[in-house]
Amino acid sequence: MKKIKEKSKGVIKKQKMTRLIRLSVLFLSITGLFSILYLCYGLYNITNQYTNMTRRDYLTTETLQTLEEQLYQHQSYIFEHVVSNSPEFQDSLEKQTSGLKSSMSSILYALKDEMKDTKFDIRYKSLSSNIFGYLYDAESIFEMSHNGESEKANIYMEESLMDYINTVNSVLKSFDNMIREDMKEARTELENNTKKVLIHAVLLFIILLCCAGTGIVISIMISNEMTNFDPVTGIPNYDKFIDVCEKKHMRKTFSEYAVLSINIKGFQYFNQQHGTDFGDEILTEYASFLRKATNTGEIAARINGDTFIALIKKDRVPVIADYIKQITLNIHRKDGTRKVVVNSRCGIYETAGNIDVSTALDYSETALKEAKNSTNSDCIWYSETMTESEIAAKETIAKFKDAIKNEEFSVYYQPKVNMIDDKLCGCEALVRWIKDGQTIPPFKFIPVLESEGYITELDMYVFEHVCQHISKWKEQGIEPVRISSNFSKLHLKNKRFADDVLEIIEKYGIEKKYIEIELTESSGYEDFDAMTEFVNRMKSEKIYTAIDDFGTGYSSLSMLKDLDIDVVKLDKSFLSGAEDKAHKKMIENVVRMINDLQRKVICEGVETRQQAEFLKSVECYLAQGYLYDKPLPHDEFEQRLLNPSYKIK
Ligand code: C2E
Ligand code: MG
Ligand code: MG
């Protein structure tokens, strides 16, 4: 099955899907990144808040405690001083007071930094003015007692200093309470913030989960699309088809259906003549036609190239088979819509018993192969004999390699006669397989070898034997004739075909005039370019080429005009209707046209004297057929070379 170039819609669809996946991944990454940043920011804030809170808590509590301790200590000193009134003590108290003053200054200064809040600021100011008022008063008391005014100092201390002391104490207390309140507030705020961040984190996590879930669903959908649907046509692919069949098989409903293997006739032509984009359009439209033709429970899928498969309810098979034989598709092009008629071949297998899915598919493919080889029916129902011949074909392939090695193939020669003088003028080399003493005719193995690609090896084998025989006859002094060898069209796919032919001729050192290459008329356009190139190369090497079975292919006449071939071999079917007047006229005109084009014309399958006479009357003087000889083994043909006259017949 030829693979066509799969691009256009399929590739575009794939690109779109890839873009969608990329966008989903990008979206997920950005959302994820922002979520992480947001959470980090939240955590940073909480940590900051917490650190500040603990630091301030620690600092303010510590500071206030120190303040309190130092003040209480100082107060008790003052009391002691006032009570004792001793000058030494007073000196040390003064020193202590000035020390306290500077220590108070630095403590309050440190505290000031933390008191940014206005409510704290007011307390702070009151605290510091009270403390410094207290210290100032303490200094006044020292002065009074210094000046011997102990009584005044006592009264003053009782009246005002006590007041200050109480005020400082109460301010310290209220400050302390305020800090506790503040701490409580800060803690509650911290708790709330933490809760908020946690809620956000949970929400973000849910959003991320949803995004990831959506991404996974999209990816599954995309991969499902890619694994189950054909990228070119958009209809199910082989895997999906098998899946549907297997499910039906499990539910025991598979036996209600028939499997149809469908192939578009001459699809290669659309690709070659109008380009692969046009071919893709046809495939897409054809697929959509098939999809519309299926009912619920039925399925149509594309396997590859121009081959489709469908599962259809048994009672609808005749309608569908008839429907798909020839359909008209509307192909939309930039320059407008074109109507294209598409013919199809179809192999049908109506499931029976509990047959498994893969065997059912094989049977429908076997029927399709049969339809491809059939000249009178495009839709063929599977029958058991097809499998038998398939098995036989497989056996042939299996035995072929050994047969080549064991030289089981033998070359027969069928003479060609010039009917003007009834003399041998050439011959055709025809292969025979001699297996276990039995001679197997070509029709039993050539088509199989051709369809499996082994024919090229056999052709070269035959050609090499032909060259070997020519060289031997020359050595023996026997003059050979020009011998034509059959070459399958498959050789045209090989770029070295002409070189291979020339190498063999050279290997046996034979003259090129003894060689003729027979190619079968090309069916359609596919090999025409390669054929032209090969024929021209042979022409330049002065090697004859012949077109075999002329009149059985498609484009015989136009091909003759464009191909610089030396010999045209009319197919034996030409002669089968030669009793009819119109048919005779047709042969006469074909022969004249070939003669006018300066090509040699030979007719094969000449069996009767009347046929020979008729051919001569229409100026076709070369003949090959049972009238003269059947294909002969080497030794018998050698006798013909020695005695080349057919006059006595
Ligand atoms: P072909 O090349 O068209 O060969 C002519 C076929 O017609 C031969 O059949 C020949 O035996 C048969 N024939 C000749 N005269 C008459 C006649 O008067 N009446 C009838 N009914 N038939 C006649 P054969 O040998 O069975 O070969 C069949 C085909 O097999 C050939 O058709 C050719 O296409 C293919 N073939 C044979 N040998 C080779 C080969 O080495 N390579 C390839 N590629 N194909 C080969
Ligand atoms: Mg031939
Ligand atoms: Mg032929």
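As shown above, the structure is provided for reference.
Residues numbered from 1 in each chain as written. Chains lettered and ligands numbered in written order. Predicted model: local features only at pLDDT ≥ 70, side-chain atom pairs only at ≥ 80, totals over all residues. Heavy atoms only, no water.

**Some remarks on the layout of surface pockets**
Working step 1: There is about 290 Å³ of room inside the second largest pocket.
Working step 2: As for the second largest pocket, its lining consists of 16 residues, and the residues nearest its centre are Gln-49, Met-53, Arg-56, Asp-182 and Ala-186.
Working step 3: Grouping the amino acids of the lining of the second largest pocket by side-chain chemistry returns six nonpolar, three polar and seven charged. (1 Å grid on protein atoms, 1.4 Å probe; cavity = no way out; pocket = protein on both sides within 12 Å on 5 of 7 lines; lining within 4 Å. Points joined across faces, edges and corners; volume = space filled by probe spheres on them. Nonpolar A, V, L, I, M, F, W, Y, C, P; charged D, E, K, R; others polar.)

**Examining the coordination of the magnesium ion (ligand 2)**
Six octahedral donors around a metal ideally sit at 90 or 180 degrees from one another, while four tetrahedral donors ideally sit at 109.5 degrees.
Working step 1: Around the magnesium ion (ligand 2), the donor atoms from the protein are Glu-428 (OE), Asn-486 (OD1), Glu-518 (OE) and Asp-548 (OD), and they sit 2.0 to 2.3 Å away.
Working step 2: Linear spacing of the donor residues for the magnesium ion (ligand 2) on their chain is E-x57-N-x31-E-x29-D. (Donors = N, O, S within 2.8 Å, 3.2 Å for Na, K, Ca; no water.)

**Things to note about the nonpolar core**
Working step 1: Membership of the largest hydrophobic core comes to 81 residues, with the highest contact counts inside it found for Phe-409, Leu-458, Ile-517 and Leu-570.
Working step 2: The element that contributes the greatest number of residues to this core is helix α12 (residues 455-476), accounting for ten residues.
Working step 3: Beyond its immediate stretch of four places on either side in the chain, Phe-409 contacts Phe-400, Ala-403, Ile-404, Val-431, Arg-432, Trp-433, Phe-445, Leu-458 and Tyr-461.
Working step 4: Counting residues in each nonpolar core, the second largest holds 35 residues, with Leu-67, Ile-131, Leu-161 and Ile-165 among its members. (Core = buried A, V, L, I, M, F, W, Y, C linked by side-chain atoms within 4.5 Å. Buried < 20%, exposed > 50% of the residue type's maximum accessible area, 1.4 Å probe, protein only. Helix = DSSP H or I, 4+ residues; strand = E, 2+ residues; numbered from the N terminus. Contact = heavy atoms within 4.5 Å.)

**A word on the coordination of the magnesium ion (ligand 3)**
Working step 1: Coordination of the magnesium ion (ligand 3) by the protein is provided by Asp-548 (OD), Asp-549 (OD), Glu-604 (OE) and Glu-604 (OE), with metal-donor distances spanning 2.0 to 2.7 Å.
Working step 2: Summarised as a motif, the one-chain spacing of the donors to the magnesium ion (ligand 3) is D-D-x54-E.
Working step 3: The metal-metal distance between the magnesium ion (ligand 3) and the magnesium ion (ligand 2) is 3.9 Å, with Asp-548 serving as a donor to both.

**Quick look at the site of ligand 1**
Working step 1: Surveying the vicinity of ligand 1 reveals 23 residues, the closest of which are Gln-414, Glu-428, Asp-459, Glu-607 and Tyr-626.
Working step 2: Separating a nitrogen atom of ligand 1 from a backbone N or O atom of Val-431 is a distance of 3.2 Å.
Working step 3: One of the side-chain nitrogen or oxygen atoms of Asp-549 is found 3.1 Å away from an oxygen atom of ligand 1.
Working step 4: Isolated, ligand 1 exposes 790 Å² of accessible area, and the fraction of that covered by the protein chains is 84%.
Working step 5: Sorting the residues of the shell around ligand 1 by element identifies β8 (423-435), α12 and β12 (544-550) as the ones contributing at least two each.
Working step 6: Tallying contributions element by element places β8 first for the shell around ligand 1, with four residues.
Working step 7: Among the residues forming the shell around ligand 1, the class breakdown is nine nonpolar, five polar and nine charged. (Near = heavy atom within 4 Å. Polar contact = N/O pair within 3.5 Å; in protein donor to acceptor, adjacent residues only side chain to side chain. Areas by Shrake-Rupley, 256 points an atom, 1.4 Å probe, with all protein chains shown as cover.)

**Quick look at a nonpolar patch on the surface**
Working step 1: Side chains of Leu-23, Leu-26, Ile-30, Leu-33, Phe-34 and Leu-37 sit close together on the surface and give an oily, nonpolar patch of about 620 Å² of accessible area.
Working step 2: Along the chain, Leu-26 falls in helix α1 (residues 8-84).
Working step 3: When its relative accessible area of 48% is taken as the criterion, Leu-26 is described as partly exposed. (Patch = residues over 30% accessible without salt bridge, like charges linked within 9 Å, V, L, I, M, F, W, Y side chains within 5 Å. Salt bridge = Lys/Arg side-chain N within 4 Å of Asp/Glu carboxyl O.)

**Brief notes about helix α18 (residues 609-617)**
Working step 1: Those residues of α18 lying buried are Gln-611, Ala-612, Phe-614 and Leu-615. The arc enclosing the buried residues of α18, seen along the axis, measures out at 165°, which places them on a common side. Exposed residues on α18 whose side chains face more than 90 degrees from its buried face are Gln-610 and Ser-617.
Working step 2: On its buried face, α18 sits against α16 (573-576), α17 (581-596) and β14 (600-604). (Arc of directions from axis to C-beta.)

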